[in-house]
Amino acid sequence: MITPAHQNINLHKNEPAPSPVGFKNVPAQEKPLELKVDGVIPEWVNGVMYRPGAGKYNILLDNGDTFHVGHPFDGLAMVHRFEISGDKQSVIYNSRHTSRGVEKRIGQRDPTLLTFGPDPCKTIFGRIQTVYHHISKFGSNAVLQESDPEFDMVNVTATPNFPIGEALEKETGINRGEALVIKRDANTLQAIDPITLEPIKMFTYAHVDGKIQGQLCASHHQYDEEADEYINFIVKLGPFPSFQTFTISNYLPNAPGEKEQLPPSEVTLHEPMWRHLGAWKTLNALKPAYIHSFSLTKNYIIVPNFPYYYSFGGLSAIYYSSAYQTFYWDETRHTLFHVIDRHSGRHVATYEADPCFSFHTANAWDEEVTLPGGQKERVIFLDMCTYENTDIVDASFELGKLPSGKVDLDKVQPAQFRFDKLTDHKDEHKISPSQFRRYRLGNVPVAHNIDKWKPSWLNWDFKNFTLFNKRRVASYTVIGHDMEMPRFNSNYNMKPYRYCWGVCESKFAPSYASGSVVNGIIKLDLDRPYLGDNNDKESSASIWDEPGCSCAEPVFIPNPDATEEDDGVILSIVNKIDAKGQESCFMLLLDASTLIELARTVMGDFNAVTLHASVTDKNGRGIAVN
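A quick note: this is a predicted structure, and the numbers were derived from the prediction, not measured.

Thresholds, definitions, all that
- Residues numbered from 1 in each chain as written.
- Predicted model: local features only at pLDDT ≥ 70, side-chain atom pairs only at ≥ 80, totals over all residues.
- Heavy atoms only, no water.
- Helix = DSSP H or I, 4+ residues; strand = E, 2+ residues; numbered from the N terminus.
- Polar contact = N/O pair within 3.5 Å; in protein donor to acceptor, adjacent residues only side chain to side chain.
- Pairing = 2+ DSSP bridges.
- Axes fitted to C-alpha atoms, helices over the stretch in contact; angles between N-to-C directions.
- Contact = heavy atoms within 4.5 Å.
- Phe/Tyr/Trp six-rings, centres within 6.5 Å; stacked < 30°, edge-to-face > 60°.
- Buried < 20%, exposed > 50% of the residue type's maximum accessible area, 1.4 Å probe, protein only.

> Looking at this structure, I do not really get the side chain of N187. What am I missing?
Locating N187 in the fold gives a position in the loop between β10 (180-183) and β11 (189-192). Engagement of the side chain of N187 in a polar contact is seen with the backbone oxygen of G214, the distance being 3.0 Å.

Here it is as structure tokens:
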């Protein structure tokens, strides 16, 4: 979207025009700033919180025109850093814009930029031109990405201690176990300095190990601290797409005081998932789906395959240059859960479930269950924030706007831009908060003792090809509702757990369905499910919610001396607009057990959109990683 120079009411101030859809730029604070703390930080809370997000939505071009970002996921990347000291009762804050290369590409009118939201101004002829430019500039863009650490926009999750591999360690000078990497759902990652936040290197998983090839991956990896493994998956697009999980071992750095050098990382690939094991008679290829997160247990990796697909095998992305227009929902197809055995690397099961969609999984575990009569079966339990369909994706257009959910278009020039959303064509939509579902995958094959999968056709065996062909069905129970961006005590990772924290609809703002995304913070007691209103007196949920406030994902930090699962603190950042319309943004610290406020500290007179966060201890080791 472009506002011409002659319509820019801020041009005399050398500033971009106001956004026609209500987004404001966030100022960077590159010089560390000590913030005033109101309240008391528990003395055991010492570490650093990193929050990636969006920072720039309106870019002033050289000719005076203003380019506007239309979707909050597409705001140019920014990372916020909070150095928190309970010992000193201090919070030191700095932030940085990390997509200056993208800003340059916008100024050059680069047609190969891929975004989540659509461009309402692009015509069919413009899209055809885009296809040509994607093809013709593929090689040159790859070269530019190698040399410009800000060439692309990466702004979803932050991963401390990322295992970047020996080659990148040598190229970047980053010590093993000390890489801070920002990730997204495409195979594009960005290493940044953990103190200054300055971008260091743009890379792909192939830079870590050449065996990891593909175009898409999950923003949210999984990790097993006991096995010291980083786990993710890669998606290869095309006429016969596949999903392939992989592990990178020797993940976390040594504990402070250990002098032995961390050994080099080792990459292990697992059997590609390219078919539905329960539909072996048809051998239909899987369709590539939008998958933001997945699940892990001690023995299995579970990758969901929602019927929210990339059209034409993902190739339509280069036509639209927009993920939103590339996706389509197919309510006639099942959601599939593909199960990989972690010991053998084999694809051992596919479970069917009702069509649904989810952005975020919570915890998962597997256990041996005794059935009536004494028989035993291996069962996977996995929790996720689930929607009946993908109508909720349309609500994401409003993320980060004023808590009223409205934009004063009379103050915006030009007057209005209109996105053609999928729900605009429905008489009734299902934009509503999620169900918190616990899925049960029963009678999971135990394949720990069979030969490990090897990436070679020479080892192909027809008997192994048919070994796990069986139709399986997943069931679920609703154990909560109105929960998104779930976090839990990481000490209970891959174990049965009781408490989960996330964001919920604010009772002081319009609902998601009315065109507003304003969030409070909620704590669910999963042992005491309540399916009525979470604000009821009978509800087991606890909520932090204040007028004019909208909270980002809460992060649970466990008390090192805890005797209870919910003994710890919650960290979030909150956008606020007071009764006079004055904006502010503050870091919030809550008692995790009661959600009673312990402290807050204001970052500035602005609102900042961040989705996820990770926290390290004072030695740089991840303790709450998303």
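> Help me understand the sheet that holds strand β9 (residues 157-160) in this model?
Strand pairing in a sheet relies on backbone hydrogen bonds. The paired strands run either parallel or antiparallel. Taken in spatial order, the four strands line up as β9-β10-β11-β12 in an open sheet, and their pairing is antiparallel. Only two strands of the sheet have a single partner each, and these edge strands are β9 and β12 (199-203). On average, each strand axis in the sheet is inclined to that of its neighbour by 25°, with strand direction left out of account. With three bridges joining them, β10 and β11 adopt antiparallel strand pairing. Bridge pairing in β11 places L180 opposite I192.

> Honestly, the environment of R440 in this entry has me stumped. Any pointers?
Looking at the secondary structure, you find R440 in strand β26 (residues 435-441). Taking C-alpha positions, R440 is 9.9 Å from Y351, a pair spaced 89 residues apart along the chain. Ignoring sequence-local partners within four residues, the contact set of R440 consists of E377, V379, I380, F381, A474 and S475. Within the structure, the side chain of R440 is placed 2.7 Å from the side chain of E377, a separation counted as a polar contact.

> Can you help me understand the packing of aromatic side chains in this one?
The description of two aromatic rings rests on the distance between their centres and on the angle between their planes. A full pass over the atoms with the stated rule returns 25 aromatic pairs. Ring centres 6.3 Å apart and planes at 80° place the aromatic pair Y290 and F359 in the edge-to-face group. One end of the pair, Y290, is in the loop between β17 (266-269) and β18 (295-296); the other, F359, is in the loop between β23 (347-353) and β24 (361-370), and 69 residues separate them in sequence. With respect to class, Y290 is no different from F359; both count as buried. Consider the rings of Y310 and F327, whose centres lie 4.8 Å apart with planes at 75°: the pair is edge-to-face. With Y310 in strand β20 (residues 308-310) and F327 in strand β21 (residues 327-329), the pair connects residues that are 17 residues apart, well separated along the chain. Among the residues examined, F327 registers a relative accessible area of 6% and is labelled buried. Every member of this aromatic cluster is reached through a ring pair, and the members are Y290, F306, Y308, Y310, F327, F357 and F359.

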